[in-house]
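# Examination of the molecular architecture
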2 protein chains.
Amino acid sequence: MKKYKELNPSLRTIMTPGPVEVDPRVLRAMSFPILGQFDPEFTSLMNETMELVREVFQTNNQWSYPVDGTSRSGLEAVLVSIIQPGDKVLVPIYGRFGHLLVEIAERCGADVVHIETEWGGVFDPETVIEAIHEHKPGIVAMVHGETSTGQMQPLAEIGRTCRELDILLVVDAVATIGGVPVETDNWMLDAVMGGTQKCISVPSGMAPITYNDRIERKLLSRKRVERGLRDPANVELANDGQMIRSNYFDLSQIQDYWSAARLNHHTEATSMLYALHEGLRILLEEGLEARFLRHEHNARALVQGIKGMGLTLFGNEESKLTCVTCINIPEGIDGEAVRSRLLHDFGIEIASSFGPLKGKIWRIGTMGFSCNQKNVLHTLGALEAVLIREGYRLPAGEAVQAALDVYSVVNKEEISC
Amino acid sequence: MKKYKELNPSLRTIMTPGPVEVDPRVLRAMSFPILGQFDPEFTSLMNETMELVREVFQTNNQWSYPVDGTSRSGLEAVLVSIIQPGDKVLVPIYGRFGHLLVEIAERCGADVVHIETEWGGVFDPETVIEAIHEHKPGIVAMVHGETSTGQMQPLAEIGRTCRELDILLVVDAVATIGGVPVETDNWMLDAVMGGTQKCISVPSGMAPITYNDRIERKLLSRKRVERGLRDPANVELANDGQMIRSNYFDLSQIQDYWSAARLNHHTEATSMLYALHEGLRILLEEGLEARFLRHEHNARALVQGIKGMGLTLFGNEESKLTCVTCINIPEGIDGEAVRSRLLHDFGIEIASSFGPLKGKIWRIGTMGFSCNQKNVLHTLGALEAVLIREGYRLPAGEAVQAALDVYSVVNKEEISC
């Protein structure tokens, strides 16, 4: 039999838009021995995790808990649970992940209408509102922060319109949650889906979500208790909706598991829950405001450094997603060769992009635990060195100095606070 | 703001049919810093994990990898990827998890036919084969080991029949994989779905699966490349199947992510993959045969101990699932009070059951890392003490002695080998 070696992963500086580095305290949490899923200690940890999710999502929604799967499992869980075949869903697209929402909604049997704006910008909210009036969808699904293009869509006005018209607004906040404000209740978002491996900085594998009573009403109209758990004395619920097309993602069942009833569904992913609990605890200990500011400052330093070496940003800077910086790959430079040198010589990972942007831009994340001065300065220094090595002419030394200029102001501000 | 405390879970002896205790080496693996999903070190770890999955599932199937979700995510991924609405699926049911297969298949739009035998036994394979001839399904889905009733279904004859008739046989081996033989290729199983948190003894959160080229042909007939990743120059594939009704569980996409193409789908759950890799590595280091024998011996000791204290087993002993022992709760004893005392006084967790068996039986698991002499002896001693405390009359001291008798023979055999 082949002999397999013990794990011994290299230490990396991970500056992609996810997954990003993980706080050692979170890694340690995953190494605790597990509890059984119905152990009172574990169920109270589940309850506490719901409280933590509520705070991070800035909501009073009762239903605020993780789906056991990677980020897109949260997207699919919400969409499949509320979309009945034939429902009209409007998806405004400004990057790859808008297409993903279309893709998922179509597979749920929705009648999907989409509008698209050029990658690299976002929608004027009025454009979306006009499309809402024109198409009269039952659901609007859209992305808050597009990691594929580094853009962020303002949502408050769209939220208000949807509420007035009694339309459900569901938002993919995978890239933004924990890094920039996501004001679920203030912006009148009906469901918000997050991810762990970006600004929350917990390994991929859970999708914290939240949804309000407008969504819950829809779920309850479609609810079925699972075969094999049904109380024979209890007849089927008097609900008129169509059965949800997934068992694993049936939020009407999952919320029963997260409720005091603890009706068995899946077996909660223990160690991932430990990680999420610890990650959110650390996040709130830092404080949402302080964390958002940290993301802003490091992004600003990175941007100034990038410009300092003569590179240009891709996309509209006014709607730039704080935690993702997209850079045009200069003519004559092989983007993948640069990424490969960064990884192999410097142990730093940055990202390429998808679809029409493949080979045209690099993407650098400044997210969560990876988002710090040391990482930004190392990345700028390394990128400069690699570009010189690849024959690109640039003003050597400027990048790191430009970033240090930002930090010297920012750090002074912080001291004076 | 509320102050949340650091994690500090109690140490438990977990003797349920999952989740069970985790080897400290696996817990440690989860505490390693993460790698990016396309880091060559990580993708080679993915490839190695596929090899390990193949060995444990005793198969040569190329496609052998984990789905990112709890065990039932693997069940749903296989079923939703192969069932086209209207397809006839036969499900033979002998416990709760047979009902789950019906539930999932129905939600995939299948025309489900089921046969059921009394909980506590299994099917004579001939009965299933007759039902196959009668109903002529395209797919047969069944459970290998029913944790709800502690029974195990022989599959080889059913496998042979399905192959002859060109029917796909998909098997839920969540409870059995890694604890008792699951001979994917020999038994002619087309897809097998496992879980991590039982005999593999990795925390819940991944579902290793395997499937052969008969399944793959079905997937490819339904394949769509994801919107936003499609090469504009490339038109839609010339496939004639209906689109798979899930994006997250679309195995035709997930296998591309696990292939050399590495076409982006989800972000692989890094730390869970570390855990699975380490868990499977440890499992194969012990060796499949040695591991199966360990499961047999400990189960035998447990059974003799249970009988020694005057309790009776639930279900047919001839088809007993090695790693789950179901015990009739004696008349006059409150099963939940016993479980509660075991947990709170002794730190030992055993399980109750579901549906018609709720309140009637206890279930004790002897799975994976939890399956050892120390745990079995502790559990027997503690259960005896609790039963005495609850007023049950039993021959004090006999249980542990009966188990020790088994171990003295077994350990001698091992020394003489």
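Keep in mind that what you see is a predicted model, and the values were worked out from it rather than measured. (Residues numbered from 1 in each chain as written. Chains lettered and ligands numbered in written order. Predicted model: local features only at pLDDT ≥ 70, side-chain atom pairs only at ≥ 80, totals over all residues. Heavy atoms only, no water.)

Okay, the nonpolar core next. With 196 residues, the main nonpolar core has Val 170 and Leu 251 of chain A together with Val 170 and Leu 251 of chain B as its most contacted residues. Discounting residues that sit within four places of it in the chain, Leu 251 of chain A has contacts with Tyr 65, Val 67, Ala 77, Val 78, Ser 81, Ile 209, Tyr 211 and Leu 219 of chain A. (Core = buried A, V, L, I, M, F, W, Y, C linked by side-chain atoms within 4.5 Å. Buried < 20%, exposed > 50% of the residue type's maximum accessible area, 1.4 Å probe, protein only. Contact = heavy atoms within 4.5 Å.)

Attention now moves to the relation of the copies chain A and chain B. Each copy of the sequence occupies a distinct position, and chain A is placed on chain B by a rotation of 180° and an axial shift of 0.0 Å, giving an RMSD of 0.0 Å. Taken together, the rotation and translation relating the two chain copies correspond to the operation of a two-fold axis. Minimal C-alpha separation from the rotation axis in chain A is found for Gly 69 of chain A, amounting to 2.3 Å. When the interface residues of chain A are mapped onto chain B, 100% of them are again interface residues, pointing to one common binding face. (Least-squares fit on C-alpha atoms with pLDDT ≥ 70 in both.)

Each partner contributes residues to the interface: chain A has 93 residues there, and chain B has 93 residues. The contact between chain A and chain B buries some 8000 Å² in all, and 55% of this surface belongs to carbon and sulfur atoms. Between Glu 6 of chain B and Arg 28 of chain A there is a salt bridge, with the nearest N and O atoms lying 2.8 Å from each other. On the surface where chain A and chain B come into contact, there are 34 residue pairs in polar contact (both at pLDDT 80 or more). Looking at the side of chain A that touches chain B, the elements with two or more residues in it are helix H1 (24-30), helix H2 (40-56), helix H3 (71-82), helix H4 (96-107), helix H9 (270-286) and helix H11 (335-346) of chain A. Of the residues contributing to the side of chain A that touches chain B, the split by class is 38 nonpolar, 26 polar and 29 charged. (Buried area = accessible area lost by both parts, 1.4 Å probe. Salt bridge = Lys/Arg side-chain N within 4 Å of Asp/Glu carboxyl O. Polar contact = N/O pair within 3.5 Å; in protein donor to acceptor, adjacent residues only side chain to side chain. Helix = DSSP H or I, 4+ residues; strand = E, 2+ residues; numbered from the N terminus. Nonpolar A, V, L, I, M, F, W, Y, C, P; charged D, E, K, R; others polar.)

Quick look at the domain arrangement of chain A now. Residues and elements named next belong to chain A. On domain assignment, one finds that chain A holds domain 1 (23-283) and domain 2 (288-416). The C-alpha-based centres of domain 1 and domain 2 are spaced at 31 Å. If you look at the interface, domain 1 gives 30 residues, while domain 2 gives 23 residues. For the pairing of domain 1 and domain 2, the buried interface totals around 2000 Å² over both sides, and the portion due to carbon and sulfur atoms is 66%. (Domains from an automatic or database assignment.)

Now for the packing of helix H9 (residues 270-286) of chain B against helix H10 (residues 288-308) of chain B. Residues and elements named next belong to chain B. Two elements in contact, H9 and H10, have axes whose closest approach is 5 Å; the angle formed by their N-to-C orientations is 90°. Regarding the angle of H9 to H10, the classification is roughly perpendicular. Taking contact as the criterion, the partners of Leu 283, Leu 284 and Glu 286 in H9 are, on H10, Leu 288, Ala 290, Arg 291 and Arg 294. In terms of residue class, the contact of H9 with H10 is made up of four nonpolar, no polar and three charged. (Axes fitted to C-alpha atoms, helices over the stretch in contact; angles between N-to-C directions. Parallel < 35°, antiparallel > 145°, perpendicular 65-115°, else oblique.)

This brings us to unusual backbone geometry. The step from Gly 18 of chain A to Pro 19 of chain A runs through a cis peptide bond, and the omega angle for that step is -5°. Along the chain, Pro 19 of chain A turns up in the loop between strand E1 (13-14) and H1. The backbone of Gln 58 of chain B sits at a positive phi, close to 50°, despite the residue not being glycine. Position of Gln 58 of chain B relative to the elements: it lies in the loop between helix H2 (40-56) and strand E2 (63-67). The partly exposed category is assigned to Gln 58 of chain B, whose relative accessible area is 27%.

Next up on the list: the sheet that holds strand E4 (residues 111-116) of chain B. Residues and elements named next belong to chain B. Strand order in the open sheet formed by seven strands is E2-E10-E9-E8-E5-E3-E4, and the pairing between neighbours is mixed. Here the strands that pair on one side only, and so sit at the sheet edges, are E2 and E4. Across the sheet, the axes of successive neighbouring strands diverge by a mean angle of 20°, strand direction being ignored. In terms of strand pairing, strand E8 (residues 168-172) meets strand E9 (residues 191-193) through three bridges, oriented parallel. Counted as the bridge partner of Val 171 is Val 192 from E9. (Pairing = 2+ DSSP bridges.)

Counted according to the given criterion, the structure contains 19 aromatic pairs over all chains. Note on Phe 38 of chain A and Tyr 257 of chain A: the rings are 6.2 Å apart at their centroids and 90° apart in plane angle, and the pair reads as edge-to-face. With a gap of 219 residues between them, Phe 38 of chain A in the loop between H1 and H2 and Tyr 257 of chain A in helix H8 (residues 251-258) connect regions that are remote in the sequence. Given the relative accessible area of 34%, Phe 38 of chain A is considered partly exposed. With relative accessibility at 0%, the residue Tyr 257 of chain A sits in the buried group. Here the aromatic rings of Phe 97 of chain B and Phe 354 of chain B are separated by 6.0 Å at their centres, their planes lie at 90°, and the arrangement is edge-to-face. Taken as a pair, Phe 97 of chain B in helix H4 (residues 96-107) and Phe 354 of chain B in the loop between strand E12 (348-349) and strand E13 (361-365) lie far apart in primary sequence, 257 residues in all. Accessibility expressed as a relative area gives 14% for Phe 354 of chain B, which makes it buried. (Phe/Tyr/Trp six-rings, centres within 6.5 Å; stacked < 30°, edge-to-face > 60°.)

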